[in-house]
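For reference, the chains in residue letters:
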Amino acid sequence: MLWTRTFIPTMKQTPEGAEVPSHVLMLRAGLIHQVMAGAYTYLPLGLRSLRKAEQIVREEMDAAGAVEVAMSCMSPVSLWEQTGRVAAFGDVLVQVTLRRKERKVPVVFGPTHEEIITDLVAKHISSYRQMPITFYQITPKFRNEERPRFGVLRTSEFLMKDAYSFDASVEALGQSYQKMYDAYCRIFGRCGLDYLAVEAESGPIGGDVSHEFMVPASNGEDMIVHCEACGYAANLERAEVGPSGTPAPNLPMQPLCQVETPGVTTIEQVSRFLGCRPQDMIKTLIYTADGQPIAVLIRGDHEANDAKIRRAVKAQHVALAEPELIQRITGAPVGFAGPKGLREKVPIWADRAIQTMCNAVTGANVADAHLTGVNLQRDFQVAGFADLRVAADGDPCPRCSGQLALRHAIEVGHVFKLGTKYSEALGARFLDEQEQLRPIIMGCYGIGINRILASVIETHHDADGILWPVALAPYEVVLVPVNVMEPQTRQVSEQLHNELTAAGVDVLLDDRDQRAGVKFKDADLIGFPLRVVISERGLKQHQIEIKWRWDQESEMIDLEGGAQAILQRIRHEKATNQGFRSRST
Ligand code: ATP
Ligand code: MG
């Protein structure tokens, strides 16, 4: 391809409103153009990279035995009502009403496709003999995100690979899930991403975990914990906290004392007012667990984790109680609850960190008052201890003696054991070997194709621009003739272009009549992995100059056999991502 025949509107300045590197660089390198907040046009170079990512995903899905379909973006809202997801998605669901003469047809622009595929399967699959089967598609998804931002990392319209597995047993689902998990590892590996497969909140199938594929990046919107020592990784919702090795301080118990704390309710306010540290305080949170009130005790400097609380008390649903209920249980307004002297007797659950506290500060269950010198056993008892808090940086690892590090990350993919939620709601049943009618067991698996590109750029760029792995670069090689007007330079450049193209290398010839400096800057900004410079001076020695985007040094190679040498280097780098991986930000 010739530069002058395609469309590459590079920009010198940082575009307004672009905050993160992937957004800035995709705009500046002429990969995308913003249509409105959360919607982008892919320009020729951006589209080439997007298609390459899509193709890697497709190849690995096919290799894993998944079968490709393309479901319509539009579906009837009635399908979404049957599964309760009109309410669950709320404003995120993009809904429109089509007018067909007298009739009005309410439709949904799919944010994902469980409903549509399950409905299809319900109509076509009825026997265990037709399973296992995994369908996948790579199609646009629509989500009215509350805050579309960070360029293509979070948009209202994006390209997703979504796959759905259908199995006759939980064991078979395990196998389908593993195939997808392994395919994801190959996909993100080929894309050169340093990813972590982190444990995520499990689906309704007890005991099993789901995984999110996360790329640690400073601008990631998700938080994960990672133990360098043993590799344990989980998202913050899921992350377990290991037992703390610190024994309880051997201090004499102080007498219980009620102190006036007028209008002082938060941990910060109380700690300032009473001159105590947040870790010497106990937060008493009133929750409802499947409608029943419970109290949850969390150390002052820790955060409660609702998912852990839900699992510990074996409830389907937990939520913080409303102020009226808090008043009824504690006898005091919000902000003065404590485990001692609750007006109503409710089960008290405590985070494990409470076990080693002594002489704590808690609310007094009286308006404008707290208690000091509060001690477990003497002053209150608990129904049970469990890991109920959000993990924090430096916490003990739950699997080894290492420490957890808290990191920002970008979710590029998600594999999830769904169970029978959708098959039951939409009547997707099958006859098993004993001729029993049972709901089909499902899994779902998503990858954000656009996010793959953004994650690569977030983690691989420098002051000059993007660094692409060969597999995703819009072009693998850029040929830069220093002076296109010089006949021999032009002729050699065109010949190299033709030879490389014939050999299957994606090559772009920068045939603009521009200063070499301008062309080098653009090449660095866009981030073509290999730059080949053709100059009069080099040609006098029968040589051309090659330079990897991530190297400082260039290399002179013979023009004779040059195309072959370039081909070999590109092939090797594409297979290993060696040079690319050596440089990350
Ligand atoms: P997030 O928590 O980031 O909103 P999600 O968990 O809702 O994502 P899934 O429903 O699991 O996303 O979708 C599968 C994949 O689609 C995600 O792993 C992500 O890579 C991608 N994705 C989701 N939402 C967006 C979006 N608004 N823009 C771009 N990609 C997205
Ligand atoms: Mg997800």
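Just so it is clear, the model here is predicted, and its values are computed rather than measured.

1. Remarks on the overall build of the chain
Counting its regular elements, the chain contains 16 helices and 31 strands. Counting across all 585 residues of the chain, residues that qualify as buried make up 53%. Total accessible area computed for the chain in this model is approximately 26800 Å², and 49% of it derives from carbon and sulfur atoms. Averaging the locations of the 62 positively and 72 negatively charged side chains of the chain gives two centres separated by 2 Å.

2. Remarks on the site of ligand 1
Of all residues adjacent to ligand 1, which total 14 residues, the nearest are R143, E145, R154, T155 and E411. Within the contact set of ligand 1, an oxygen atom lies 3.0 Å away from a side-chain nitrogen or oxygen of R451. Calculation on ligand 1 without its partners gives an accessible area of 580 Å², and the protein chains cover 82% of this total. The set of elements that each furnish at least two residues to the shell around ligand 1 consists of β8 (157-167) and β21 (405-419). Top contributing element to the shell around ligand 1 by residue count: β21, with four residues.

3. Some words on the environment of G245
Structurally, G245 is set in the loop between β12 (233-235) and β13 (257-260). Sequence separation of G245 and P396 is 151 residues, and the distance between their C-alpha atoms is 8.5 Å.

4. Regarding the coordination of the magnesium ion (ligand 2)
In a perfect tetrahedron of four donors around a metal, the angles come out at 109.5 degrees. In a perfect octahedron of six, they are 90 or 180 degrees. The coordination sphere of the magnesium ion (ligand 2) contains the protein donors E411 (OE) and H414 (ND1), at a distance range of 2.4 Å. The exposure class assigned to E411 is partly exposed, which follows from its relative accessible area of 21%. Judged by its relative accessible area of 22%, H414 is partly exposed.

5. Digging into the sheet that holds strand β30 (residues 543-548)
The five strands are arranged β28-β27-β29-β30-β31 in an open sheet whose pairing can be described as mixed. Only two strands of the sheet have a single partner each, and these edge strands are β28 (507-509) and β31 (555-558). Direction aside, the axes of adjacent strands within the sheet are offset by 25° on average. Bridge count between strand β29 (residues 530-534) and β30: four bridges; the pairing is antiparallel. For V533, the partnering residue across the bridge sits in β30 and is E545. Contacts between helix α12 (residues 487-502) and the sheet are confined to β27 (477-481), β28, β29 and β30, with β27 contributing the most and set at about 170° to the helix. Against the sheet, helix α13 (residues 516-526) touches β27 and β29, its axis set at about 170° to β27.

6. Observations regarding the packing of α12 against helix α15 (residues 562-576)
For any two helices packed against each other, one specifies the crossing angle of their axes together with the interaxial distance. Remark: α12 packs on α15, axes separated minimally by 9 Å, with the N-to-C direction vectors making an angle of 45°. As summarised for this structure, α12 and α15 are arranged oblique, according to the angle between their axes. Note on packing geometry: the crossing formed by α12 with α15 is right-handed. Across the interface between the two elements, L496, E499 and L500 from α12 touch A563, I566 and L567 from α15.

7. Points about the state of the cysteines
By definition, a disulfide links the sulfur atoms of two cysteine residues through a covalent bond. Under the definition given, this model contains zero disulfides. No disulfide involves C73; its nearest neighbouring cysteine sulfur is the one of C444, lying 18 Å away. Among the residues examined, C73 registers a relative accessible area of 22% and is labelled partly exposed. Free of any disulfide, C358 has its nearest cysteine sulfur in C276, 13 Å distant. A relative accessible area of 21% means that C358 is categorised as partly exposed.

Rules behind the numbers
- Residues numbered from 1 in each chain as written.
- Chains lettered and ligands numbered in written order.
- Predicted model: local features only at pLDDT ≥ 70, side-chain atom pairs only at ≥ 80, totals over all residues.
- Heavy atoms only, no water.
- Helix = DSSP H or I, 4+ residues; strand = E, 2+ residues; numbered from the N terminus.
- Buried < 20%, exposed > 50% of the residue type's maximum accessible area, 1.4 Å probe, protein only.
- Areas by Shrake-Rupley, 256 points an atom, 1.4 Å probe, with all protein chains shown as cover.
- Lys, Arg positive; Asp, Glu negative; His and termini not counted.
- Charge placed at Lys NZ, Arg CZ, Asp CG, Glu CD.
- Near = heavy atom within 4 Å.
- Polar contact = N/O pair within 3.5 Å; in protein donor to acceptor, adjacent residues only side chain to side chain.
- Donors = N, O, S within 2.8 Å, 3.2 Å for Na, K, Ca; no water.
- Pairing = 2+ DSSP bridges.
- Axes fitted to C-alpha atoms, helices over the stretch in contact; angles between N-to-C directions.
- Contact = heavy atoms within 4.5 Å.
- Parallel < 35°, antiparallel > 145°, perpendicular 65-115°, else oblique.
- Left-handed = near helix turned anticlockwise from the far one by under 90°.
- Disulfide = S-S within 2.5 Å.

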